[in-house]
Amino acid sequence: MRIVRLALEEKQVKYDLVEVDVFAETGVPKEHLTRHPFGRIPASEHNGFHLYETGAIVRYIDDAFPGCKLQPTDPKARAQVNQIVGILDAYAYQTLIWDIYVERVVATRDGRLANEQKIAAALPRATVCLSELNRLMDDQEFLIGGGVTFADLYAAPIFACFMQTPEAASLMEGFEKLIYWWQRFAIRDSMFRTQP
Ligand SMILES: N[C@@H](CCC(=O)N[C@@H](CS)C(=O)NCC(=O)O)C(=O)O
């Protein structure tokens, strides 16, 4: 959901946020299933046009509203953005968020023991994710190209959580480009304005 909010903020599109707790003990609120039949977030509505699925929503925002373009027009840069988005969705989200952040930070907050086996098993996968992001990114302020793209918007919410874990310090060692990117991106206005 933060990815969609970041896209709106970066393009300076005004929006109303409706918070839905899809993890509620009582289950996904019934009325939310009309927005998202699979009971997930995010879902969006613009002038009666309803969407769910992050990829569809952010592409619609980028195409339908003025402001900075979040996808490069150069075919190679565009493909690189899509590749990074794919890596984040398919591998980094599960590994860095569910296997490491949720077990290390959320579990403690919820008063349960971390699943150390799950964390240990995730560490090599985390290294592959981080090393690939560091290798594939440009040597600039943003992951790909000279401006914000979907690559940054998909990566930033994951890093905002993962960097809170004690594991992050050693896992990030040596990935200088990625460290520099995160230092710069973490302090953008859009990040402050979308803090959970
Ligand atoms: N393919 C969906 C995935 C959305 C998704 O999994 N959202 C998470 C929150 S980040 C969720 O709603 N999880 C609730 C659940 O797994 O029950 C998308 O890209 O929008």
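Let me begin by describing the structure that accompanies this report. (Residues numbered from 1 in each chain as written. Predicted model: local features only at pLDDT ≥ 70, side-chain atom pairs only at ≥ 80, totals over all residues. Heavy atoms only, no water.)

A few words on the pattern of salt bridges. On inspection of all chains with the given rule, the structure shows 10 salt bridges. Note that Glu-10 is salt-bridged to Arg-188, the shortest N-O span being 2.9 Å. Within this pair, whereas Glu-10 is found in helix α1 (residues 2–10), its partner Arg-188 is found in the loop between α8 (176–185) and α9 (189–193), the two being separated by 178 residues in sequence. Given a relative accessible area of 13%, Glu-10 falls into the buried group. Between Lys-118 and Glu-103 there is a salt bridge; the shortest N-O distance is 3.8 Å. Of this pair, Lys-118 sits in helix α5 (residues 116–136) while Glu-103 sits in helix α4 (residues 75–109), placing them 15 residues apart in sequence. Residue class for Glu-103 comes out buried when judged on its relative accessible area of 4%. (Salt bridge = Lys/Arg side-chain N within 4 Å of Asp/Glu carboxyl O. Helix = DSSP H or I, 4+ residues; strand = E, 2+ residues; numbered from the N terminus. Buried < 20%, exposed > 50% of the residue type's maximum accessible area, 1.4 Å probe, protein only.)

For the ligand, the full set of nearby residues is Val-22, Phe-23, Arg-40, Ile-41, Pro-42, Glu-53, Thr-54 and Tyr-93. Take Ile-41: an N or O atom from its main chain is 2.9 Å from a nitrogen atom of the ligand. Across the complex, the protein chains shield 70% of the 510 Å² of accessible surface that the ligand would expose by itself. Residues that form the shell around the ligand fall into these classes: five nonpolar, one polar and two charged. (Near = heavy atom within 4 Å. Polar contact = N/O pair within 3.5 Å; in protein donor to acceptor, adjacent residues only side chain to side chain. Areas by Shrake-Rupley, 256 points an atom, 1.4 Å probe, with all protein chains shown as cover. Nonpolar A, V, L, I, M, F, W, Y, C, P; charged D, E, K, R; others polar.)

Structurally, Asp-152 is set in helix α6 (residues 150–162). One buried charged residue, Asp-152, remains without a salt bridge, the closest side chain of opposite sign being Arg-188 at 7.6 Å. A distance of 2.9 Å separates the side chain of Asp-152 from the backbone nitrogen of Leu-143, its partner in a polar contact. With residues up to four places along the chain from it excluded, the contact list for Asp-152 reads Phe-142, Leu-143, Gly-147, Trp-181 and Phe-185. (Lys, Arg positive; Asp, Glu negative; His and termini not counted. Contact = heavy atoms within 4.5 Å.)

Structurally, Gly-67 can be placed in the loop between α3 (54–64) and α4. Take Gly-67: its relative accessible area is 48%, and that puts it in the partly exposed class. Placed 11 residues apart in sequence, Gly-67 and Arg-78 show a C-alpha to C-alpha distance of 18 Å.

Following Ile-41, the chain continues to Pro-42 via a peptide bond in cis, the omega torsion being 5°. With phi around 50°, Asn-47 is a residue other than glycine that occupies positive phi space. Positive phi, close to 90°, is recorded for Glu-53, a residue that is not glycine. Counting through the fold element by element, Glu-53 comes out in the loop between β2 (49–52) and α3. A relative accessible area of 47% places Glu-53 in the partly exposed class.

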